[in-house]
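Examination of the molecular architecture
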Amino acid sequence: LAPAQAEIGVLTQRDDWSVADEHAATAITEVVLGVLALRQPAPVPRPAPVVVTTPAGEWHGMAARMVAESLRSRGWDALFLGGDLPDDHLRRFLERTRPAALLLSCTMAGALPQLTRSVDAATDAEVPTIVGGRACGPDEHRARAVGANAWASDAETAHALLSKWIDEDVAPPVARRARIPAGYLEVVGHRTELTDRLAAAADPSERSVEGPPLWARQVAAELVDVLAASLLVDDPRLVESHVDWLTEMLAARGLPSGTVPAMLDALRQAVAGIPDARRLMRRAGPQPFGT
């Protein structure tokens, strides 16, 4: 099911499939998962369950549900709380149920700040955390940056970590609360201004008396959010991968080819006074001539 969902994402990104096609295929996956859930074995008796969910702002809950079902197939009592869960409600649930661990899935880079708050909620409730998903990267760097105890590349790795912590009674790695960099706060504080500036930098042929088109504002806002997330976890790879994805996505839809370079140039100029942001932007896409 996971490779099928990945292929669905690629087809949608390339505009070979519409959002309606994506939703229809995802609904089929959900039905199959529901059937599989009825065939899961009884959980191995343990003092407490494990909880699986996503942070607020992360509306891709399918990966988290797959992890929950995969853990159930391995004998875990895994509670799936759905996606887009606000951190205050998560905190209340954790304090009431006292689970053995919390697993958080994050696929959207822009949701990493919310992931940090979800991890903080678990820390307050003294519940160890495992994070994973595309936005959490290919190694433990971002997991450590958001304050999690561990990073898992897949459900099998998560199972191994849980077995070690719970069945073998090995203490999870010590985690430190996320550091909130000044550069991150500055970018977030000027999000609307930066979005306006980037949207205005879109191809002139797309401008009208009403201002930049809606798609340009959406692209600009996402780019600003990804830069903020990159600053939060101090990882330039986030911006690099987003620029690659954005370039392919816009090209597949026949949108102006100069949009991404123009927005990147505008963003570099806008954050020139923020040292960490300037450093990250040096690695994002083609550089202006002479830099």
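This write-up is about the structure you can find in this document. Quick caveat, the model's predicted, so the values are computed rather than measured.

1. Some remarks on the nonpolar core
- Ranked by internal contacts, the top residues of the largest apolar core, which has 61 residues, are Leu115 and Leu227.
- Top contributing element to this core by residue count: helix H10 (residues 214-233), with 13 residues.
- What Leu227 contacts, discounting residues up to four positions off in sequence, is Val187, Val239, Leu267, Val271, Leu280 and Met281.
- Formed by 16 residues, the second largest nonpolar core is a distinct cluster that contains Leu71, Ala78, Ala101 and Leu103.

2. Structural notes on the sheet that holds strand S1 (residues 50-53)
- Here we have five strands laid out as an open sheet, ordered S2-S1-S3-S4-S5, and parallel in their pairing. Lying at the two open borders of the sheet, with one neighbouring strand each, are strand S2 (78-80) and strand S5 (150-151).
- Packing against the sheet, helix H5 (residues 112-124) makes contact with strand S3 (101-105) and strand S4 (129-132), and its axis sits at approximately 175° to S3.
- Running at roughly 170° to S4, helix H7 (residues 155-167) makes contact with S1, S3, S4 and S5 of the sheet.

3. What to know about the pairing of S3
- Burial of S3 is extensive: five of the five residues sit out of reach of the surface.
- Residues Ala101, Leu103 and Ser105 point to one face of S3 and Leu102 and Leu104 to the other, with burial holding for every one of them.
- Inspection of the sheet shows S1 paired to S3 by four bridges, in the parallel sense. Considered in S3, the bridge of Val52 is made with Leu103.
- Of the strand pairs in this sheet, S3 and S4 are connected by four bridges, and their pairing is parallel. Its bridge partner being in S4, Ser105 is matched across the sheet by Gly132.
- Tracing the backbone out of S3, into H5 and back to the parallel element S4 gives a crossover that is right-handed.

4. Looking at the pattern of salt bridges
- Going through the model one piece at a time under the given rule, you end up with 15 salt bridges.
- Put simply, Asp124 and Arg91 hold a salt bridge, and the shortest N to O gap is 3.2 Å. With Asp124 in helix H5 and Arg91 in helix H4 (residues 87-97), the pair connects residues that are 33 residues apart, well separated along the chain.
- The partner of Asp276 in a salt bridge is Arg279, with the nearest N and O atoms 3.6 Å apart. Separated by three residues within a single helix, Asp276 and Arg279 lie in helix H13 (residues 275-281), roughly one turn from each other.
- By relative accessible area, which is 34% here, Asp276 ends up partly exposed.
- Judged by its relative accessible area of 35%, Arg279 falls in the partly exposed class.
- The network of salt bridges with common partners includes Asp87, Arg91, Asp120, Asp124 and Arg177.

5. A word on the pairing of S1
- With burial as the criterion, each face of S1 is covered, one bearing Val50 and Val52 and the other bearing Val51 and Thr53.
- In terms of handedness, the path from S1 via helix H3 (residues 62-73) over to S2 forms a crossover that is right-handed.

6. Side note on the environment of Val52
- Position of Val52 among the secondary structure elements: in strand S1.
- On the accessibility criterion, Val52 (2% relative accessible area) is buried.
- Linking Val52 and Leu79, residues 27 residues apart in sequence, is a C-alpha distance of 6.0 Å.
- With near-sequence residues (within four places) excluded, Val52 lies in contact with Ala64, Val67, Ala68, Leu71, Leu79, Phe80, Leu81 and Leu103.

Criteria and thresholds
Residues numbered from 1 in each chain as written. Predicted model: local features only at pLDDT ≥ 70, side-chain atom pairs only at ≥ 80, totals over all residues. Heavy atoms only, no water. Core = buried A, V, L, I, M, F, W, Y, C linked by side-chain atoms within 4.5 Å. Buried < 20%, exposed > 50% of the residue type's maximum accessible area, 1.4 Å probe, protein only. Helix = DSSP H or I, 4+ residues; strand = E, 2+ residues; numbered from the N terminus. Contact = heavy atoms within 4.5 Å. Pairing = 2+ DSSP bridges. Axes fitted to C-alpha atoms, helices over the stretch in contact; angles between N-to-C directions. Right-handed = clockwise from strand over helix to strand, strands pointing away. Salt bridge = Lys/Arg side-chain N within 4 Å of Asp/Glu carboxyl O.

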